[in-house]
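Here are the chains, one letter per residue:
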Amino acid sequence: MKIDILLGLQWGDEGKGKIVDVLSPEYDVIARFQGGPNAGHSLEFNNVKHVLHLIPSGIFHRDKLNIIGNGVVLDPAVFKKEIEELGPPVEELIKRLVISTRANLILPTHRILDAAYEHQKGCLKIGSTLKGIGPAYTDKASRNGLRVGDINHLNFQELYKEHTENHLLILKNYNFAFDLKEYERGWFEGIELLRKFRTENTEYLLHNLYSGGKKILAEGAQGTMLDVDFGSYPFVTSSNTISAGACTGLGISPKTIGEVFGIFKAYCTRVGSGPFPTELNDETGELLRKKGCEFGATTGRPRRCGWLDLPVLRYANIVNGTTKLFMMKSDILSGFKTLKVCTSYKVGGRIQDEIPFDNNAKIEPVYEELPGWEEDISGVRDYDRLPENLRGYIEFIEIQTGVPVSIVSVGPDRKATIFR
Ligand code: GDP
Ligand code: IMO
Ligand code: MG
């Protein structure tokens, strides 16, 4: 059985958490491959909403194994809080969750450095979630990181002190006030909890599960346009969010990959700074935000909203090799008389499909207008019962991208999902 990958095609928050939870019954293993507590993956069932940051979204399915891969950066304090808020007792969760020894740790000083760097940038700030992601991946790449496997070393305390002192030296150059002690308490409690969990070289575990015929779903975080290589750098996160990230973030070979499920919202949102060609700074944008409850699952910040951007989807399909599209939040578009879809960009008077390298390039979206629909579709479970104009919207996207839309989501609940 090949390994399937599920990831976001836009700027994150496409609805990955919901769909991983929905698809989990089809898999034996759900493995998160990159990112960290900057992610906020929401899922909803039995009228309760859960938000996950580090823990894979298959965790609520009792008989599934969840793996936090080596590509993830893990903050023990966030991990502890999340485990405690999940519901099932720790003894139960220990059976369902394994963590890679090679996952890098986010230290309390990484969070402080993140905040200091952003503060220094002023109006050029990235709009980071301030969870310490950038500094933790920086230390990983510069070979200065501490990893989950290190917590079992006898001299772990010393290692921690050494790393922290190095960070404090850097922080001396910044006029930035912080309280390290407050962070440290929760962090060390998190380390204690982490020691109770199975930590191992999960690349072997995954290889054995794969070889034994188990079905594995790799869960992405963020979105393609936030990828450190292919997003609107520097307004990106610090990891590879694209499908290739599943190989490096789990230790699986490209030969093992099967489907690449690309998730997108029926419109677009972005949190934080950076280019957003179809952004609507008007009452339509405000309406999308209000109807779609577009506020960040991690930081609560209002999300920027705009029309669907097909050059972005086509680009994301190129770099990910998307085999199937899943369209989310279709219900939010009910009630618009007409819907605009950006089919290409006009840059310097020239029509193009390519996303410019230059973040400051003046992009004029070229729109096609499609007729909207009035009906509330949140109760529909059958594709053929969807309004004709919504089916037209979906078919337009399929023609424009060349990739089939095989799931249409019509509400946040598990059940509000239409399979084609
Ligand atoms: P993720 O980061 O990709 O997992 O997405 P988030 O959880 O950050 O944001 C998606 C938001 O949309 C969450 O509040 C979900 O509960 C909600 N959601 C997901 N799918 C749908 C849908 O089809 N319709 C509506 N109305 N809400 C949805
Ligand atoms: P999920 O997995 C949306 C954005 C931040 C910021 C930039 C860098 O829930 O889709 P970072 O904290 O990584 O230094 O922030 O990336 N960002 C996200 N936006 N969803 C996410 O994750 C995000 N993770 C990071 O807002 O603009
Ligand atoms: Mg999110």
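Placed above this text is the structure.
Residues numbered from 1 in each chain as written. Chains lettered and ligands numbered in written order. Predicted model: local features only at pLDDT ≥ 70, side-chain atom pairs only at ≥ 80, totals over all residues. Heavy atoms only, no water.

Caption draft 1: The arrangement of the overall build of the protein chain in detail. Along the backbone of the protein chain there are 12 helices and 20 strands. Seen through its principal axes, the protein chain has C-alpha atoms that stretch 65 × 50 × 40 Å. Residues counted as buried form 57% of the 420 residues belonging to the protein chain. For the protein chain, the proportion of contacts with a sequence separation of at least 24, taken over those separated by at least 6, is 76%. (Helix = DSSP H or I, 4+ residues; strand = E, 2+ residues; numbered from the N terminus. Buried < 20%, exposed > 50% of the residue type's maximum accessible area, 1.4 Å probe, protein only. Contact = heavy atoms within 4.5 Å.)

Caption draft 2: Representation of the site of ligand 1 in the model. Surveying the vicinity of ligand 1 reveals 20 residues, the closest of which are Gly15, Lys16, Ser42, Asp331 and Ser409. Separating an oxygen atom of ligand 1 from a backbone N or O atom of Glu14 is a distance of 3.1 Å. Considered on its own, ligand 1 offers 580 Å² of accessible surface; in the complex 94% of this is hidden by protein. Counting residues per element, the shell around ligand 1 draws most heavily on helix H1 (residues 16–23), which supplies three residues. Grouping the amino acids of the shell around ligand 1 by side-chain chemistry returns five nonpolar, seven polar and eight charged. (Near = heavy atom within 4 Å. Polar contact = N/O pair within 3.5 Å; in protein donor to acceptor, adjacent residues only side chain to side chain. Areas by Shrake-Rupley, 256 points an atom, 1.4 Å probe, with all protein chains shown as cover. Nonpolar A, V, L, I, M, F, W, Y, C, P; charged D, E, K, R; others polar.)

Caption draft 3: Expanded view of the site of ligand 2. Looking at ligand 2, there are 21 residues lining it, with Asp13, Lys16, His41, Thr129 and Thr237 nearest. Asn38 has a polar side-chain atom sitting 2.9 Å from an oxygen atom of ligand 2. Backbone polar atom of Gln222 to an oxygen atom of ligand 2: 2.8 Å apart, as the coordinates give it. Against a free-state accessible area of 540 Å², the protein chains account for coverage of 98% of ligand 2. In the shell around ligand 2, the residues fall into eight nonpolar, 10 polar and three charged.

Caption draft 4: Expanded view of the coordination of the magnesium ion (ligand 3). Donor atoms from the polypeptide that bind the magnesium ion (ligand 3) are Asp13 (OD) and Gly40 (O), placed at 2.1 to 2.2 Å. Within this pair, whereas Asp13 is found in the loop between strand S1 (3–8) and H1, its partner Gly40 is found in the loop between strand S2 (29–32) and strand S3 (41–45), the two being separated by 27 residues in sequence. Assessed through its relative accessible area of 21%, Asp13 is described here as partly exposed. We classify Gly40 as buried; its relative accessible area is 11%. (Donors = N, O, S within 2.8 Å, 3.2 Å for Na, K, Ca; no water.)

Caption draft 5: The packing of helix H2 (residues 76–86) against helix H7 (residues 180–196), seen in detail. In contact at an axis separation of 7 Å, H2 and H7 are set at 65 degrees when each is read in the N-to-C sense. Of the possible angle classes, the one that applies to H2 and H7 is roughly perpendicular. Classified by chirality, the crossing of H7 by H2 is left-handed. Along its contact with H2, which presents Pro76, Ala77, Phe79, Lys80 and Ile83, the element H7 presents Gly186, Trp187, Glu189, Gly190, Ile191, Leu193 and Leu194. Here the residues of the contact of H2 with H7 are counted per class, giving eight nonpolar, two polar and two charged. (Axes fitted to C-alpha atoms, helices over the stretch in contact; angles between N-to-C directions. Parallel < 35°, antiparallel > 145°, perpendicular 65-115°, else oblique. Left-handed = near helix turned anticlockwise from the far one by under 90°.)

Caption draft 6: Molecular detail of the environment of His207. With respect to the element layout, His207 can be found in helix H8 (residues 202–211). Residue class for His207 comes out partly exposed when judged on its relative accessible area of 47%. For the pair formed by His207 and Leu97, sequence separation is 110 residues and the distance between their alpha carbons is 17 Å.

Caption draft 7: Seen up close, the sheet that holds strand S10 (residues 216–219). One open sheet accounts for 10 strands, arranged S9-S7-S5-S2-S10-S1-S11-S15-S19-S20; its pairing is mixed. With one partner strand each, in any of the chains shown, strand S9 (198–200) and strand S20 (417–419) form the two edges of the open sheet. With direction set aside, neighbouring strand axes in the sheet form an average angle of 20 degrees. Relative to strand S15 (residues 324–328), strand S11 (residues 257–265) is paired through five bridges, and the arrangement is parallel. Within S15, the residue paired with Ile263 across the bridge is Phe326. Its contacts with the sheet place H1 against S1, S2, S10, S11, S15, strand S19 (405–409) and S20, and it is angled at close to 155 degrees to S1. Along the sheet face, helix H12 (residues 388–401) touches S11, S15 and S19 and points at about 145 degrees away from the line of S15. (Pairing = 2+ DSSP bridges.)

Caption draft 8: The arrangement of the packing of aromatic side chains in detail. For the structure shown, the criterion picks out 11 aromatic pairs. Each ring, one from Phe156 and one from Trp187, has its centre 6.2 Å from the other, and the planes form 15 degrees; the classification is stacked. Here Phe156 is found in helix H6 (residues 156–171), whereas its partner Trp187 is found in helix H7, with 31 residues between them in sequence. Take Phe156: its relative accessible area is 2%, and that puts it in the buried class. Assessed through its relative accessible area of 1%, Trp187 is described here as buried. Between Trp187 and Phe188, the aromatic rings sit 5.1 Å apart at their centres with planes inclined by 85 degrees, giving edge-to-face as the arrangement. Across the pair, exposure class does not vary: Trp187 and Phe188 are buried alike. Chaining the aromatic ring pairs together yields one cluster made of Phe156, Tyr160, Trp187 and Phe188. For the cation-ring pair, Lys215 lies above Tyr27, with the distance from its terminal atom to the ring centre recorded as 4.7 Å. Its guanidinium or amino end placed over the ring of Tyr383, Arg420 lies 3.9 Å from that ring's centre, counting from NZ or CZ. (Phe/Tyr/Trp six-rings, centres within 6.5 Å; stacked < 30°, edge-to-face > 60°. Lys NZ or Arg CZ within 6 Å of the ring centre and 35° of its normal.)

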